Each structure stands twice: as C-alpha cells, then as structure tokens.
Amino acid sequence: METPSRSPESRDRQWVTFRLWPEDRERWRTIADHSEETPDRYTALQHLTPIIRALELEDVRGLKREALRVGIPAEVHELLQERSHATGLKITDILGRAIEQYIREHSTPHNEGD
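Since this is a predicted model, take the numbers as computed values, not measurements. (Residues numbered from 1 in each chain as written. Predicted model: local features only at pLDDT ≥ 70, side-chain atom pairs only at ≥ 80, totals over all residues. Heavy atoms only, no water.)

Section: the overall build of the chain
Along the chain, the regular secondary structure elements total five helices and zero strands. Order of helices (α) and strands (β) in the chain, N terminus to C terminus: α-α-α-α-α. Going through the 114 residues of the chain one by one, you find that 10% of them count as buried. Intrachain contacts of the chain at a sequence separation of at least 6 include 19% that bridge at least 24 residues. When the accessible surface of the chain is totalled, it reaches about 11600 Å², and 53% of it is carbon and sulfur. (Helix = DSSP H or I, 4+ residues; strand = E, 2+ residues; numbered from the N terminus. Buried < 20%, exposed > 50% of the residue type's maximum accessible area, 1.4 Å probe, protein only. Contact = heavy atoms within 4.5 Å. Areas by Shrake-Rupley, 256 points an atom, 1.4 Å probe, with all protein chains shown as cover.)

Let's talk about the side chain of T38
Tracing the backbone through its elements, the reader meets T38 in the loop between α1 (22–29) and α2 (41–46). Accessibility expressed as a relative area gives 13% for T38, which makes it buried.

Looking at the pattern of salt bridges
Within the structure shown, the criterion is met by four salt bridges. Measuring nitrogen to oxygen at the nearest pair gives 3.7 Å for the salt bridge that ties R27 to E23. Here E23 and R27 lie together in helix α1, a separation of four residues that amounts to about one turn. Residue R27 is classed as partly exposed on the basis of its relative accessible area of 41%. Taking the relative accessible area as the measure of exposure, E23 reaches 58% and is therefore exposed. Of the charged contacts, one joins R29 and E26 as a salt bridge, the two residues approaching to 2.9 Å between their closest N and O atoms. Of this pair, R29 and E26 are both found in helix α1, three residues apart, which corresponds to roughly one turn of the helix. (Salt bridge = Lys/Arg side-chain N within 4 Å of Asp/Glu carboxyl O.)

Quick notes on the packing of helix α4 (residues 74–87) against helix α5 (residues 91–106)
For any two helices packed against each other, the geometry comes down to the angle between their axes and how far apart the axes lie. Where α4 contacts α5, the two axes come as close as 9 Å, and the packing angle between them is 115°. Once α4 is placed against α5, the crossing between them reads as right-handed. Taking contact as the criterion, the partners of L80, Q81, R83, S84 and T87 in α4 are, on α5, I91, I94 and L95. Of the residues contributing to the contact of α4 with α5, the split by class is four nonpolar, three polar and one charged. (Axes fitted to C-alpha atoms, helices over the stretch in contact; angles between N-to-C directions. Left-handed = near helix turned anticlockwise from the far one by under 90°. Nonpolar A, V, L, I, M, F, W, Y, C, P; charged D, E, K, R; others polar.)

Thoughts on a nonpolar patch on the surface
On the surface, V16, F18, L20 and W28 cluster together into a nonpolar patch covering about 390 Å² of accessible area. Note that W28 resides in helix α1. (Patch = residues over 30% accessible without salt bridge, like charges linked within 9 Å, V, L, I, M, F, W, Y side chains within 5 Å.)

Next up, the structure:
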C-alpha cells in the first residue's frame, strides 16, 4: 500500500513574509517552474537544503558600521539625491554601486590586491 502524500495544508512549514523587489519576488514565486521534476514551490524550497548547507557565508556577527566623512562634490551629491528620489534607493546604495563600478573600470593588474 502506498503512503499517501501529505496535503499542502498539512506540510511542516514556517510562514515568513518578505519584502522583495519585483524581480526577486517573481523569481521566488516561480522557483518551481525551473524544474519539471518539482511540482510546487514547497518542494523546490526543500531542494535548497544542501545548497544552503554548502554556501560559504561571511560571519558578520560583531561587525559594526564605521563612520566615514566624505566630501562629495556638489554635482555628485545633487545627482545622488535625484537618483535616490527617482528610484527609492538610498544614497549609500547608489554611491556604493558607483564606487564598485569605478574600481572595476580603473583597476590595473598591479593594484588589484591593494
């Protein structure tokens, strides 16, 4: 005799609400659509167990943000504010992305490790 599968209502789960960007929300919502062998999101999330165990994650416990006073050129500051108002992103997020791009564009082989 086959063991009946548990109904979705009886599955052991923890309900968590996340606030996601639309692109992330769609990816999370449709995770089961990426495999023909996965019938639903619950099953797809179960498949994350070995992936999560194998992730190399940085331990950030005990780390604190440190202040850095930066003289931002007025033109850059104004543009940061405009982009922040237009997108809802924080100025630090926009500036961080711009700094990462600047470093990628201006790194040379001799100073990449600095």
